Amino acid sequence: MMQHNEYVLKNMFGSFFLATVMSSLILQLGGLTDSIVVSHLVSPDALSIVRIWQPVASCMFIIIGMMSAGARFLSARGIGAQNYDQVNRVFNNHLYYVIASALLVIVLILPFLDIVAGLITDDQRLLPMLRPYIHADMFAIFVAAVFGVPLSYVITNGSPRLITRRIIISQILNVGFDILLCGVFDMGMAGASLATGISNLLAFTSLLGYLRKNSKIFRLRHPAKICSIKQYRECFSIGLPILISALFMPAMSFTMNSLVVNKLGADGMYIFTIYFQINAICMLALSGSNTAISNIGGILLGEEDFDSFRMLTRRIFHLLTVVMLTVSLLILLFPDLLARIFGADDALIDECRTPFRLLSMAFLPNAFSETLSVLYFVQGHHKLCRWIEIVTNLGTIGIIALMALYTPQLLWHILPITSWLLLLVILGMAYVAHRKNSLYSWPTLQNTVPSNPAVTFSIPYTNEGVATFLGKIRPFIEACELPDGMAVDIALEELLYEIVETHEPQNSKTDETFDVRIIDKEKEFTAVVKSKGPLRNPIYKYSDEEVADIDENNLRRAILSRLCKNLNHKYMNGINCIYLNYQRNKV
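Residues numbered from 1 in each chain as written. Predicted model: local features only at pLDDT ≥ 70, side-chain atom pairs only at ≥ 80, totals over all residues. Heavy atoms only, no water.

> Sorry if this is basic, but what is going on with helix α7 (residues 160-184) here?
The α-helix advances 3.6 residues per turn, and as a result positions three or four apart in sequence lie on the same side. With 25 residues, α7 extends 35 Å between its outermost C-alpha atoms, agreeing within 8% with the 36 Å of an ideal straight helix rising 1.5 Å per residue. For α7, the full list of buried residues reads Pro160, Ile163, Thr164, Arg166, Ile167, Ser170, Gln171, Asn174, Phe177, Asp178, Leu181 and Cys182. Considering only its buried residues, α7 is in contact with α1 (7-41), α6 (127-156) and α8 (188-204). Following α7 by one or two positions, Asp186 has its phi on the positive side, about 55 degrees. (Helix = DSSP H or I, 4+ residues; strand = E, 2+ residues; numbered from the N terminus. Expected span 1.5 Å × (residues − 1). Buried < 20%, exposed > 50% of the residue type's maximum accessible area, 1.4 Å probe, protein only. Contact = heavy atoms within 4.5 Å.)

Now the structure itself:
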């Protein structure tokens with residue numbers, strides 16, 4: 001039996017994960033570089049200006065991005081199901097909402113920006129720089145919000161490397177405009193904010209060719225014809241768990257910071273800050289894996305490829321376990337070195353040793369809790385996700401409040417205990433959902449019974465492998481009783497031999513395979529073929545007048561395009577995906 005293996009999925013996930021982590025790293029390095037440049041050109045207080053304004057800007061983005069999570073969920077499912085009209089509809093509704101909400105928020109807050117600046121700080125050294133900065137930042141916020149919408153769909157559509165390239169261009173332009181606006185024209189903090197907005201706007205132009213090429217998703221349609229209250233309601237309802245989490249985040253951060261500062265002083269805040277610095281490193285892996293669940297996982301679920309989705313989640317949990325345990329073990333063994341790296345003296349090193357070791361035990365449960373929440377969300381368990389966010393966030397704030405009143409000295413002991421406790425709460429809530437519907441496996445809540453008959457094979461790049469597969473799959477195709485059964489059989493044969501003959505083997509790889517998944521739905525029969533490699537479209541569509549001019553190199557592809565009228569090719573995350581769709585006759 002030709003077992004389904006992880007070769008294609010491994011390469012798809014690796015390509016996506018690497019691009020996502022690289023994007024995050026470049027953003028962090030770019031932000032660091034930008035901070036250094038602006039600090040030298042404007043004032044060392046520039047960093048303080050950005051930091052004290054950040055909570056207000058984050059609240060604006062929460063309002064502007066209220067439907068983003070739901071829109072991304074629907075778009076990933078739509079791409080997997082090849083329902084590009086739905087994806088385009090979601091994209092247009094999403095874009096118009098962001099434009100309208102961004103303009104509304106900016107118009108409402110603009111007359112009161114000086115008052116807002118006074119509420120943020122009354123420091124006479126910071127206030128004169130803060131006012132022009134936040135006025136100019138309205139432009140940067142609008143650009144980031146509006147032009148950020150297509151970026152999320154580019155990632156979901158399987159091209160995260162394009163986003164990495166755009167980020168590199170943006171960061172280089174940002175430094176250049178910082179020097180021009182802050183150094184040459186002496187525009188101060190307003191120049192720094194304008195530099196960010198202009199660089200993001202210009203960097204976006206690098207994606208225009210891709211957007212035009214993928215017009216099925218990115219074609220703009222008139223708001224009066226496309227915008228729908230039903231669509232907005234659906235996106236808001238789906239994305240509510242993410243919104244709840246975003247709303248609780250400032251309250252939790254404020255409560256935690258207040259406890260540490262008021263009860264443990266400057267040394268306690270130093271320890272807490274270093275913890276979050278290390279946590280930011282772990283977040284690179286966590287962000288990459290969770291984005292992969294949302295995008296690759298969402299597409300796999302749209303394709304109804306539950307086997308590959310299980311492989312993806314297993315791979316992600318294995319990765320997170322290795323990363324988090326490694327980080328925890330290093331901190332557990334070398335807490336003094338960590339403190340010394342961040343400039344602690346001998347007395348402070350002694351103070352940090354025990355807290356660092358205790359806090360290192362929180363990384364793994366925090367990563368698992370976050371990933372399980374995303375996993376449940378992507379699979380459509382949105383009601384459960386809402387309750388998880390409410391219970392865990394309120395529980396955390398409640399524990400912090402009680403600790404502040406009664407046992408502030410035990411903070412470093414309680415935090416890891418709380419992390420493990422919250423993970424147990426999430427697992428317990430998932431178990432309740434499993435007991436209500438035994439079709440959901442615990443603890444991942446993945447559906448164990450497919451909605452449609454399907455088979456998946458991994459085939460070696462050999463003629464013998466293709467011949468063996470065709471021999472095994474023909475009984476399944478015959479059992480489906482398709483009106484075009486003969487055409488399906490021949491089309492698969494022509495396509496698979498085309499893939500084998502055009503494959504460029506890697507010398508170091510001896511176990512290369514490509515995947516074929518066949519699914520029999522009520523109204524449609526679909527074969528999905530996925531192969532690793534450079535962009536290669538096997539579809540050759542021609543007119544009747546071109547029949548006599550088809551050369552032998554295109555003959556097989558020409559035959560294929562006549563055997564399947566609904567034939568699609570998509571290149572995602574380094575994988576060529578070919579979809580052969582056959583409509584069933586209505587009974």
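> Can you walk me through the pattern of salt bridges in this structure?
Opposite charge on two side chains permits pairing when their charged atoms draw close. Inspection of every chain in the model, using the stated rule, returns 11 salt bridges. Note that Asp85 and Arg221 form a salt bridge whose closest N and O atoms lie 3.5 Å from each other. One end of the pair, Asp85, is in helix α4 (residues 84-109); the other, Arg221, is in the loop between α10 (215-218) and α11 (223-226), with 136 residues separating them in the sequence. What makes Asp85 partly exposed here is its relative accessible area of 43%. The residue Arg353 makes a salt bridge to Asp350 at a minimum N-O spacing of 3.0 Å. One end of the pair is Arg353 and the other is Asp350, both in helix α16 (residues 346-359) and three residues apart, which spans about a single turn. In this structure Asp350 comes out as partly exposed when scored by relative accessible area, which is 48%. (Salt bridge = Lys/Arg side-chain N within 4 Å of Asp/Glu carboxyl O.)

> In this structure, what is going on with the side chain of Ser360? I would like to understand it.
Considering the arrangement of structural elements, one finds Ser360 in the loop between α16 and α17 (363-378). With a relative accessible area of 2%, Ser360 lands in the buried category. Among the polar contacts listed, one links the side chain of Ser360 to the backbone oxygen of Arg357, at a separation of 2.6 Å. The residues touching Ser360, leaving out its near neighbours within four places in the chain, are Ser328, Ile331 and Leu332. (Polar contact = N/O pair within 3.5 Å; in protein donor to acceptor, adjacent residues only side chain to side chain.)

> When you look at a nonpolar patch on the surface in this model, what are you seeing that I'm missing?
The grouping of Leu329, Leu330, Leu332, Leu333, Phe334, Leu337, Ile341, Phe342, Met361 and Trp420 at the surface amounts to a nonpolar patch, some 980 Å² of accessible area in total. For the nonpolar patch, the elements supplying multiple residues, two or more each, are α14 (306-333) and α15 (335-341). With four residues, α14 is the largest single contributor of residues to the nonpolar patch. Relative to the helices and strands, Leu330 resides in helix α14. We classify Leu330 as partly exposed; its relative accessible area is 47%. (Patch = residues over 30% accessible without salt bridge, like charges linked within 9 Å, V, L, I, M, F, W, Y side chains within 5 Å. Areas by Shrake-Rupley, 256 points an atom, 1.4 Å probe, with all protein chains shown as cover.)

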